[in-house]
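Coordinate analysis (summary)
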Amino acid sequence: RKEVEQDPGPFNVPEGATVAFNCTYSNSASQSFFWYRQDCRKEPKLLMSVYSSGNEDGRFTAQLNRASQYISLLIRDSKLSDSATYLCVVDATNKLIFGTGTLLAVQP
Amino acid sequence: DAGITQSPRHKVTETGTPVTLRCHQTENHRYMYWYRQDPGHGLRLIHYSYGVKDTDKGEVSDGYSVSRSKTEDFLLTLESATSSQTSVYFCAISESPGRAYEQYFGPGTRLTVT
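Reading the values: the criteria
- Residues numbered from 1 in each chain as written.
- Chains lettered and ligands numbered in written order.
- Predicted model: local features only at pLDDT ≥ 70, side-chain atom pairs only at ≥ 80, totals over all residues.
- Heavy atoms only, no water.
- Pairing = 2+ DSSP bridges.
- Helix = DSSP H or I, 4+ residues; strand = E, 2+ residues; numbered from the N terminus.
- Axes fitted to C-alpha atoms, helices over the stretch in contact; angles between N-to-C directions.
- Buried < 20%, exposed > 50% of the residue type's maximum accessible area, 1.4 Å probe, protein only.
- Contact = heavy atoms within 4.5 Å.
- Core = buried A, V, L, I, M, F, W, Y, C linked by side-chain atoms within 4.5 Å.
- Disulfide = S-S within 2.5 Å.

This paragraph deals with the sheet that holds strand β3 (residues 19–25) of chain B. Residue and element names in this part refer to chain B. With antiparallel pairing, four strands are arranged side by side in an open sheet as β1-β3-β8-β7. Only two strands of the sheet have a single neighbouring strand rather than two, namely β1 (4–7) and β7 (64–70). Across this sheet, the average inter-strand angle for adjacent strands is 20 degrees, counted without regard to direction. The sheet contact formed by β7 and strand β8 (residues 73–78) spans five bridges and is antiparallel. Note on β8: the bridge partner recorded for S67 is L75.

Given below as structure tokens:
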């Protein structure tokens, strides 16, 4: 089993739609969780940290479920500019483990 | 954007040749990392540094070495390049132990070993 698993997609959604990504992780000792965004042929960029109580940043909401060991990212009112690959990232003993990413394509 | 540059941005080299990639930061961050990204694998840590002359191995360190003689520079060397090292290499930095996981990435180096 991979340490961090994501549905690779692609998720094809129309502008204005709400889309959710899930990610599962295997290390129950992990304490830090993040979502990164990566545009095609670009570097990953930190989108948001994920806190135990859940957190929101504008149209983006991240949730953590420790009991089930999964993390989610909800994007509301999708924009064309949201098209990218979203990487789920979890800490494991002083290093980060990156998922392979979920590709989102927002259609006009 | 964090001040991180990588050089070269693209390189094609032959099997068996040594290759050095450079990461330069202007943020004075303590931690620096080298990752490789390959289809189906996500980003994998090669080596990291937690200070000048302080480095440690990541999960895919075989065939790679690193050096950090100054805070701002972190070099990754492929001692004898192989085709399996064809990849995109990213450097990352982070500020402090408490925020070590908020990493910021350079633009990447695309390396092709023929």
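All names here are of chain B. Tracing the chain through its elements places G63 in the loop between β6 (54–57) and β7. You can call G63 partly exposed: its relative accessible area is 40%. Here the alpha-carbon distance between G63 and T82, two residues 19 residues apart in the chain, equals 8.8 Å. Not counting residues up to four positions away in its chain, the partners in contact with G63 are T77, L78, E79 and Q85.

F21, W35, I71, L73, I75, Y86 and L104 of chain A are the most contacted members of the largest nonpolar core, which totals 25 residues. Broken down by secondary-structure element, the contributors of at least two residues to this core are β3 (19–25), β4 (33–38), β5 (44–50), β7 (60–65), β8 (70–75), β9 (84–91) and β11 (102–107) of chain A. The residues touching F21 of chain A, leaving out its near neighbours within four places in the chain, are F11, W35, I71, S72, L73, I75, Y86, T102 and L104 of chain A. Ranked by size, the runner-up nonpolar core spans 19 residues in total, among them W34, V66, A81 and C91 of chain B.

Moving on, we get to the state of the cysteines. Here a disulfide denotes a covalent bond joining the sulfur atom of one cysteine to the sulfur atom of another. Scanning all chains against the criterion turns up two disulfides over all chains. Put simply, C23 of chain A and C88 of chain A are joined by a disulfide, and their sulfur atoms are 2.0 Å apart. Across the S-S bond of C23 of chain A and C88 of chain A the torsion is about -75 degrees, and the bridge reads as left-handed. With C23 of chain A in strand β3 and C88 of chain A in strand β9, this pair connects stretches of sequence that are 65 residues apart. One exposure class covers both C23 of chain A and C88 of chain A, and it is buried. One disulfide bridge connects C23 of chain B with C91 of chain B, the sulfur atoms lying 1.9 Å from each other. Linking C23 of chain B and C91 of chain B, the disulfide has an S-S dihedral of approximately -70 degrees and is accordingly described as left-handed. Taken together, the residues C23 of chain B in strand β3 and C91 of chain B in strand β9 (residues 87–94) connect sequence positions 68 residues apart. Overall, C23 of chain B belongs to the buried group, its relative accessible area being 0%.

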